[in-house]
Every structure is written in C-alpha cells, then in structure tokens.
Amino acid sequence: MNSPKDKIAVSTDATYVILGASGNTGSIIADSLLSKGKKVRVVGRDAGRLQRFVRQGAEAFMGDVSDAAALTKAFSGARAAYLLLPPITSREDQERESDAIAKAVTESGLRYAVHLSSYGAHVPEGTGPVTGLHSSEQKLNSIGGLHVLHLRAAYFMENNLTAISMIQGLGILGHALLPDLKLPMIATRDVGDYAAQRLVDLDVSGKQTRELLGERDLSMAEATTIIARGIGKPDLRYAQFPYDQVQQVLEQTGMSPKKAAVYIEMFQAINASVLAAQEQRSRENTTPTSFEKFVQDVFVPAYHGKAHAA
C-alpha cells in the first residue's frame, strides 16, 4: 500500500506531454516546464529539432499527429498534455489529426489537457482553418473523464512575418484584411507562457474555454505603422488586396489552390466579423506583450536577417 509520501513522489514525477514541441508555442511550454524541473515528453516528427529539449532532460518521442497508436503511447502515464493541430495542409488532414488525437486521449486514459484553439472556434463552419479547431474542440469535449481547457488564442503577431519579403521587394505591406478593422493580436510566447502555467496549476475542471486576446486590439493599418517605425521605413503603408490576388500570392509561395482557399475563407470570416472574440477584454484574457515589443524583439531581427541573406 502506498504511503502519502509515495503519492507525493508519484505526482511530482509525473510526465507532461507536449505536441508540436519544436513550434512557436510548444517550445515555450517545454522550456518552461523543464526549467521548473518537470518531466517532459516532447513529441515530434524530426528528432533533430527535439534535441535541444533532450539536452535539458526531456524525453523525445517520435510520432506523427495523425498516428493514433503512436500518440496513445506518448500519452500513456502522462499527468497532462498540450494538444494542438499542426499548421493546416487541408481540412481533411485536420479531421484526421483531430480524430487521432481524440482516439489517443481516450485510449490512453489521459485526464488533463490544454488544447490550442483559436478565437472564433465557437463558429461551426465557414472560418477556414478555425473550422477544424471547432471540430477538434467538439471531439475532445465528447471524451468522458477528460478535463480540458481550450485556449482560443487571438490572431498571432507572428503571422505578420510573412510580409517581410513583400516589404523588402515591393515597399508595401499587403494583405486581404480590412485596413481599419481592429482585431486581437497575440505573441505566441504569451500563449506558451499561459499554457505552461495552466498545465502546472492543473486547475481545469470539465470542459472549459479561455480566449487569449493579446495586449490590445489593433488594425492592420496600425500594425503597419508600428512595423514602419521599427524597421526605419516611415513611409511604409498598408494595402488591402482583393481576395483573388491574395489567393494567387499564396499559390506562388507553394500552397495548393485548395489550401490557399481555406485561408481566404478565414480572411473573409475575419473581415465579416464572423470570426471574432466573444469574451469582454479582462485582466484574465489580456496578455503582456505589446505589438511594439514584438516588432522590436522578433520582427526587426527577422527583417534584417532576411535582408542580409538576400
């Protein structure tokens, strides 16, 4: 029979599983948990990208998010897991991946999870990649005995990094989004920090959602002005492009027409305010990193790095 001391030892020695550990949010969570002395199992397809966590004491687990059998092994014996879908390749793939995750959670008996979702995931269809996150939420919500927190994160500030080559090549920042529509923007670091803390606290009961709305709402015109100041190009302006033109640009970057169309659907949903935050901004859903800080710490180094490499 276990003594109370044995039970404490088991709970402090429990493993946390991180999907997408080499990504923007997963890497922050893995680093945070490892710095606190937690046992961490990092899951990914590329062993090389997991090595930096292994050097900190993590266990690397090779597996694909669409492989339910592998994920079941990864989740087995875990105290809690960070769940996410990888960047979309197609809506069909999203469904296969969320099916595999839900099956693995069920078969492994996982009790606690933090799931990366998106603001707007309450809408069942017509929101591009976010439709797949709605579906993933529903699948996890149907699992009895699972306590899960769906983090409905705002529009990632990092999405603006894709504009660097356009700024350097054309001298403008162009996108399909309306210039003056305010939307919540969040640094992925803040998502990772919040998720890591909730995994440690393990204060989730039942099925819960929490929007994370960034430091404040910003329009693309305002974001462009901040970027212009940061990179020393005060004349930089925002241009809204027609959807068909954005579709062509996405295809030129290597996206399939089908995948590009999914993103266009998301931009349309944002512009129509179909994809919009539902929670009032509060201390609980506001995160610390301002867009100015993101530009200084992330955008400017990336901009100059690409400029030097060109």
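Anyway, here's the lowdown on the structure attached to this text. (Residues numbered from 1 in each chain as written. Predicted model: local features only at pLDDT ≥ 70, side-chain atom pairs only at ≥ 80, totals over all residues. Heavy atoms only, no water.)

**Brief notes about the pairing of strand 2 (residues 39-44)**
Within a regular beta strand, the side chains point alternately toward one face of the sheet and then the other, so they alternate between its two faces.
Part 1 of the argument: Burial runs high along strand 2: five of the six residues are buried.
Part 2 of the argument: Sheet topology note: the strand 1 (residues 15-19)/strand 2 ladder contains five bridges and is parallel. From the neighbouring strand, Val 17 faces strand 2, where its bridge partner is Arg 41.
Part 3 of the argument: This β-α-β element, strand 1 to helix 2 (residues 24-35) to strand 2, shows right-handed connectivity.
Part 4 of the argument: The pairing of strand 2 with strand 3 (residues 59-62) spans four bridges and is classified as parallel. By the bridge assignment, Val 42 is partnered in strand 3 with Ala 60.
Part 5 of the argument: For the handedness criterion, the β-α-β arrangement of strand 2, helix 3 (residues 47-54) and strand 3 is classed as right-handed. (Buried < 20%, exposed > 50% of the residue type's maximum accessible area, 1.4 Å probe, protein only. Helix = DSSP H or I, 4+ residues; strand = E, 2+ residues; numbered from the N terminus. Pairing = 2+ DSSP bridges. Right-handed = clockwise from strand over helix to strand, strands pointing away.)

**Some thoughts on the side chain of Ser 135**
Part 1 of the argument: The topology assignment puts Ser 135 in helix 6 (residues 129-141).
Part 2 of the argument: Within the structure, the side chain of Ser 135 is placed 2.9 Å from the side chain of Glu 95, a separation counted as a polar contact.
Part 3 of the argument: Apart from the residues lying within four places of it in its own chain, the contact partners of Ser 135 are Glu 95 and Ser 98. (Polar contact = N/O pair within 3.5 Å; in protein donor to acceptor, adjacent residues only side chain to side chain. Contact = heavy atoms within 4.5 Å.)

**Quick look at the pairing of strand 4 (residues 78-83)**
Part 1 of the argument: The element strand 4 is largely enclosed, with a buried count of five among its six residues.
Part 2 of the argument: Here four bridges tie strand 1 to strand 4, and the two strands are oriented parallel to one another. Bridging from a neighbouring strand, Thr 15 pairs with Ala 78 of strand 4.
Part 3 of the argument: As paired strands, strand 4 and strand 5 (residues 112-118) are joined by three bridges and run parallel to one another. Each bridged residue has a counterpart across the sheet, and for Ala 81 the counterpart in strand 5 is Ala 113.
Part 4 of the argument: For the crossover that starts at strand 4, traverses helix 5 (residues 91-108) and ends in the parallel strand 5, the hand is right-handed.

**Remarks on the packing of helix 2 against helix 8 (residues 188-201)**
Part 1 of the argument: Here helix 2 crosses helix 8 at 45°, and the two axes come no closer than 8 Å. In terms of axis orientation, helix 2 runs oblique to helix 8. Considering how the two elements wind past one another, helix 2 and helix 8 form a crossing that is right-handed. On helix 8, the residues that touch Asn 24, Thr 25, Ile 28, Ile 29, Ser 32 and Leu 33 of helix 2 are Thr 188, Arg 189, Val 191, Gly 192, Asp 193, Ala 195, Ala 196, Leu 199 and Val 200.
Part 2 of the argument: Grouping the amino acids of the contact of helix 2 with helix 8 by side-chain chemistry returns eight nonpolar, five polar and two charged. (Axes fitted to C-alpha atoms, helices over the stretch in contact; angles between N-to-C directions. Parallel < 35°, antiparallel > 145°, perpendicular 65-115°, else oblique. Left-handed = near helix turned anticlockwise from the far one by under 90°. Nonpolar A, V, L, I, M, F, W, Y, C, P; charged D, E, K, R; others polar.)

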